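Examination of the molecular architecture
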Amino acid sequence: MFKIITTTFFLLFFSLSCYAEITYFSNEFTNQKYAISVNQRNKSDNFYKIPNTIAFRKELNSTNDNFKLFLMCSMSQNPSSLDKTNFKFDNIKIISITPNVDYNNSAPNPAAYDLDKEFVASLFHANSLQIQIPLFTHDKAQIKYLEYTIPNSILDEWKQVIAME
């Protein structure tokens, strides 16, 4: 399963331009179909303040709604599993999720999040979303945080993905 997720992510990473768009991916071996919204950082943006890539994915032909979120930061900012990632909806409600992070090689790896029904419902009704991503450091604290506000255009696109059948 991890190979499928990683392959999907890197295909999207190398094939999409620097703006968000909804794309479709299918795994012919399992006959699974996905809708994916991918946003990549503009090269002019400061990469210490913005994740390089954010992907929101829905499994379309599943009996259950399965959603995943992928966050990839720069090579010098690896997501950490030492703390949970915090998602703040409309500056009120906070949902914290432990990221799945793979540290097997030196390339930057995405933090993957399995999203439950409460998270998806909160996302669908939210007018704003802020993310606090834990990042691994080599200092004594071992962790720092990257805070990022999802632009409204991306949030609206994720709502379109949620509504897809």
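Cut-offs applied
- Residues numbered from 1 in each chain as written.
- Predicted model: local features only at pLDDT ≥ 70, side-chain atom pairs only at ≥ 80, totals over all residues.
- Heavy atoms only, no water.
- Helix = DSSP H or I, 4+ residues; strand = E, 2+ residues; numbered from the N terminus.
- Contact = heavy atoms within 4.5 Å.
- Areas by Shrake-Rupley, 256 points an atom, 1.4 Å probe, with all protein chains shown as cover.
- Pairing = 2+ DSSP bridges.
- Axes fitted to C-alpha atoms, helices over the stretch in contact; angles between N-to-C directions.
- Buried < 20%, exposed > 50% of the residue type's maximum accessible area, 1.4 Å probe, protein only.
- 1 Å grid on protein atoms, 1.4 Å probe; cavity = no way out; pocket = protein on both sides within 12 Å on 5 of 7 lines; lining within 4 Å.
- Points joined across faces, edges and corners; volume = space filled by probe spheres on them.
- Nonpolar A, V, L, I, M, F, W, Y, C, P; charged D, E, K, R; others polar.
- Expected span 1.5 Å × (residues − 1).
- Salt bridge = Lys/Arg side-chain N within 4 Å of Asp/Glu carboxyl O.

Another aspect to go through is the overall build of the protein chain. Within the protein chain, the regular secondary structure consists of three helices and nine strands. Nonlocal contacts in the protein chain, meaning residues at least 24 apart in sequence, comprise 55% of its contacts between residues at least 6 apart. With an accessible surface of roughly 9100 Å², the protein chain has 53% of that area assigned to carbon and sulfur atoms.

Strand order across the open sheet formed by four strands is β6-β5-β8-β9, with antiparallel pairing between neighbours. Sheet topology places β6 (93-97) and β9 (143-150) at the edges, where each strand pairs with a single neighbour. On average, each strand axis in the sheet is inclined to that of its neighbour by 20 degrees, with strand direction left out of account. For strand β5 (residues 85-89) and strand β8 (residues 129-136), the ladder comprises four bridges, and the chain directions are antiparallel. Bridge pairing links Phe 87 to Ile 131 in β8. Strands in contact with helix α2 (residues 117-125) are β5, β6 and β8; relative to β6, the strand with the most contacts, it is inclined by about 140 degrees. Here helix α3 (residues 152-163) sits on the sheet in contact with β8 and β9, set at roughly 80 degrees to β9.

Further remarks concern unusual backbone geometry. A positive phi angle, close to 60 degrees, is found at Asn 31, a residue other than glycine. Looking at where Asn 31 falls in the secondary structure, it is placed in the loop between β1 (21-27) and β2 (32-40). Accessibility expressed as a relative area gives 49% for Asn 31, which makes it partly exposed. Unusually for a residue other than glycine, Asp 90 sits at a positive phi of about 55 degrees. For Asp 90, the position within the fold is in the loop between β5 and β6.

If you walk across this open sheet you meet the five strands as β1-β2-β3-β4-β7, and the pairing is antiparallel. On the outer flanks of this sheet lie β1 and β7 (111-115), each paired with one strand and no other. Across this sheet, the average inter-strand angle for adjacent strands is 20 degrees, counted without regard to direction. Pairing of β1 with β2 involves seven bridges; the strand directions are antiparallel. Across the sheet, the residue bridging to Ile 22 is Ser 37, located in β2.

Let's shift gears to the layout of surface pockets. For the largest pocket, the calculated volume is near 160 Å³. Around the largest pocket sit Asn 86, Phe 87, Lys 88, Ile 94, Gln 130, Ile 131, Gln 132, Glu 147, Tyr 148 and Thr 149, which together line it. Breaking the lining of the largest pocket down by element, the ones donating at least two residues are β5, β8 and β9. Here the residues of the lining of the largest pocket are counted per class, giving four nonpolar, four polar and two charged.

In this section: α3. When the terminal C-alpha atoms of α3 are compared, their 17 Å separation across 12 residues agrees well with the 16 Å that a helix rising 1.5 Å per residue should span. Along α3, the positions that sit buried rather than exposed are Ile 154, Leu 155, Glu 157, Trp 158, Lys 159, Val 161 and Ile 162.

Summed over the entire model, instances satisfying the criterion amount to two salt bridges. In this structure, Asp 114 and Lys 68 form a salt bridge, with 2.1 Å as the shortest nitrogen-oxygen distance. Of this pair, Asp 114 sits in strand β7 while Lys 68 sits in strand β4 (residues 66-72), and the two are 46 residues apart along the sequence. We classify Asp 114 as partly exposed; its relative accessible area is 48%. Ionic pairing is found between Lys 93 and Glu 118, a salt bridge with its closest N-O pair at 3.2 Å. In this pair, Lys 93 is assigned in strand β6 and Glu 118 in helix α2, connecting sequence segments 25 residues apart. By relative accessible area, which is 34% here, Lys 93 ends up partly exposed. Of the residues examined, Glu 118 reaches a relative accessible area of 44% and is grouped as partly exposed.

Keep in mind that these numbers describe shape and distance, not what the molecule does.
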